[in-house]
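# Coordinates in review
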Amino acid sequence: MQLIGRNMSPFVRRTSIVLKLLGLDYEQVELSTADDTDKIAKINPVIRVPSMVLDDGETLVDSNAIIDHLLEVGDPEHRLLPASGAERRAVLRLAAIGHGVMEKGVSSSYERNRRPKDKVFDGWVKQVEGQVESGLAALNEAASNGDYLCGDHLTLADVNAVVAHDFVSMAEPYLMKNDPYPALSALAKRCGEQAVFADTVFKPG
Ligand SMILES: N[C@@H](CCC(=O)N[C@@H](CS)C(=O)NCC(=O)O)C(=O)O
């Protein structure tokens, strides 16, 4: 199968990490939504990444739908996402907070970098960055309770939290000055020592 997109996108990176954690075979096609519009449009009419092309040509769009499929085929023991009940809801809740931080971090970055400077709406940037900060604070609190966000092993909640942390550190470094989320940073550092996380860090060029 093919994963479409570059790991600069936190949504693509989290999908890459899940693929690697599950040991699924895939090829990453590093298309960019800015430069490869026509190619991506053939796979995803909304022209967004990540998208995925399965071996039989079926296409999937949006990291949530892609990861849902990957877990269905690659995680029969429900290690990354418990099968049901309160444990599943807890992982999904924190995973959604991590995903929300990514969305707001990307919004801030688009607002600051894609608009002409005189058209940037500072009030909007402030609002979405406040959402980034409160999401990171919630993840930091969850990370303060143990080695992993939920239970005794790595789940989708940790993947999203680490990717959100790393994305904001890259895209909005001024929000990370003086290590305001130390438990989350420590989780990111511990995970960053594992190949699945280290090998998916975006390297420009
Ligand atoms: N909800 C989507 C968000 C995907 C997303 O926003 N991707 C960005 C790249 S970071 C993108 O494709 N941006 C181009 C656009 O939205 O026009 C997901 O989880 O996959």
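Residues numbered from 1 in each chain as written. Predicted model: local features only at pLDDT ≥ 70, side-chain atom pairs only at ≥ 80, totals over all residues. Heavy atoms only, no water.

### Let's talk about the nonpolar core
The nonpolar side chains of a soluble globular protein tend to be buried with one another. What counts, and what does not: Definition of nonpolar core: a set of buried residues of the types Ala, Val, Leu, Ile, Met, Phe, Trp, Tyr and Cys, connected through side-chain atoms within 4.5 Å. Categorising residues by exposure relies on relative accessible area from a 1.4 Å probe, with only protein chains included: less than 20% of the type maximum marks a residue as buried, more than 50% marks it as exposed, and the intermediate range marks it as partly exposed. Helix numbering and strand numbering both begin at the N terminus, where a helix is a DSSP run of H or I of at least 4 residues and a strand a DSSP run of E of at least 2. For the purposes of this description, domain bounds are those given by an automatic or database domain assignment. Here, two residues are considered to be in contact whenever any of their heavy atoms come within 4.5 Å of each other.
Membership of the largest hydrophobic core comes to 60 residues, with the highest contact counts inside it found for V18, M52 and L149. It is helix α6 (residues 156–171) that contributes the most residues to this core, 10 residues altogether. The residues that make up this core include at least three from each of domain 1 (2–74) and domain 2 (85–194). Contacts of L149, omitting those with residues within four sequence positions, involve L94, L139, A142, A143, A157, D158, A161 and L187.

### Here's the deal with the packing of aromatic side chains
Here is the rule we go by: Paired rings are identified among Phe, Tyr and Trp, the last through its six-membered ring, by centres lying within 6.5 Å, and are further divided according to the angle between planes into stacked (under 30 degrees), edge-to-face (over 60) and tilted (the rest). Any Lys NZ or Arg CZ that is within 6 Å of a ring centre and within 35 degrees of that ring's normal is treated as a charge sitting over the ring.
Scanning all chains against the criterion turns up zero aromatic pairs. Note that R114 overlies the ring of Y110, its terminal NZ or CZ placed 4.1 Å from the centroid.

### Brief notes about the site of the ligand
Definition in use: We call a residue near a given molecule or strand whenever any one of its heavy atoms falls within 4 Å of it. Here a polar contact is recorded for every N or O atom pair within 3.5 Å, except that within protein the pair must consist of a potential hydrogen donor and a potential acceptor, and residues adjacent in sequence are included only if both atoms are side-chain atoms. Note that accessible areas follow from Shrake-Rupley with a 1.4 Å probe, and for residues the cover is restricted to the protein chains shown. Classification convention: Asp, Glu, Lys, Arg as charged; Ala, Val, Leu, Ile, Met, Phe, Trp, Tyr, Cys, Pro as nonpolar; all other residues, Gly among them, as polar.
Taken together, the neighbourhood of the ligand is formed by S9, F11, T33, R48, V49, P50, D62, S63, H99 and Y110. In the environment of the ligand, a nitrogen atom lies 3.1 Å from a nitrogen or oxygen atom belonging to the side chain of D62. In this structure, Y110 approaches the ligand through a side-chain N or O atom, which is 2.9 Å from a nitrogen atom. Calculation on the ligand without its partners gives an accessible area of 510 Å², and the protein chains cover 83% of this total. Among the residues making up the shell around the ligand, the classes are represented as four nonpolar, four polar and two charged.

### Details of the sheet that holds strand β2 (residues 27–29)
Note the threshold: Note on pairing: DSSP must find at least two bridges between two strands before they are called paired. Lines are fitted to the C-alpha atoms to define the axes, a helix being fitted only along its stretch in contact, and any angle between axes, read from their N-to-C directions, falls within 0 to 180 degrees.
The strand order across the open sheet formed by four strands is β2-β1-β3-β4, and the pairing between neighbours is mixed. Each end of this open sheet is capped by a strand with a single partner; those strands are β2 and β4 (59–61). Across this sheet, the average inter-strand angle for adjacent strands is 20 degrees, counted without regard to direction. Of the strand pairs in this sheet, strand β1 (residues 2–4) and β2 are connected by three bridges, and their pairing is parallel.

### A word on the domain arrangement of the protein
Heads up, the rule is: Buried area: the accessible surface (1.4 Å probe) lost by two parts on joining, summed over both. Each salt bridge in this description consists of a side-chain nitrogen of Lys or Arg and a carboxyl oxygen of Asp or Glu lying within 4 Å of one another.
We note that the domain assignment places domain 1 (2–74) and domain 2 (85–194) within the protein. The interface is formed by 12 residues belonging to domain 1 together with 13 residues belonging to domain 2. The largest per-residue losses of area from domain 1 upon contact with domain 2 belong to P10, F11 and R14, which jointly make up 47% of the total buried on that side. Here domain 1 and domain 2 share one salt bridge between them. As a salt-bridge pair, R13 and D166 come within 2.9 Å of each other at their nearest N and O atoms. If you look at where domain 1 meets domain 2, you find two residue pairs in polar contact (both at pLDDT 80 or more). Secondary-structure elements contributing two or more residues to the side of domain 1 that touches domain 2 are α1 (10–21) and α3 (63–74). By residue number, the principal contributor to the side of domain 1 that touches domain 2 is α1, which donates seven residues. Taken together, the residues of the side of domain 1 that touches domain 2 sort by class into seven nonpolar, three polar and two charged.

### Describing unusual backbone geometry
Look at the link from V49 to P50: it is a cis peptide, with omega at 5 degrees. On the secondary structure map, P50 appears in the loop between α2 (37–43) and β3 (51–53). Residues other than glycine seldom take positive phi values, yet H78 does so here, at roughly 55 degrees. Mapped onto the fold, H78 is located in the loop between α3 and α4 (85–113).

### Describing the state of the cysteines
Disulfide: a covalent bond connecting the sulfur atoms of a pair of cysteines. This is how the line gets drawn: Any pair of cysteine sulfurs within 2.5 Å is marked as a disulfide.
What the rule picks out here adds up to zero disulfides. Free cysteine C150: the closest other cysteine sulfur is in C191, separated by 13 Å. Given the relative accessible area of 14%, C150 is considered buried.

### A look at helix α5 (residues 122–143)
Counted only if it meets this: The span expected for a helix works out to 1.5 Å for each residue beyond the first. The directions considered for the arc are those from the helix axis to the C-beta atoms.
Look at α5: 31 Å from first C-alpha to last across 22 residues, which is about the 32 Å you get at 1.5 Å a residue. Among the residues of α5, those classed as buried are V125, V128, E129, V132, G135, L136, L139, N140, A142 and A143. Along α5, the residues classed as buried sweep out an arc of 155 degrees about the axis, all on the same side. Exposed positions of α5 whose direction lies more than 90 degrees from the buried face are K126 and E141. Elements in contact with the buried residues of α5: α4, α6 and α7 (182–192).

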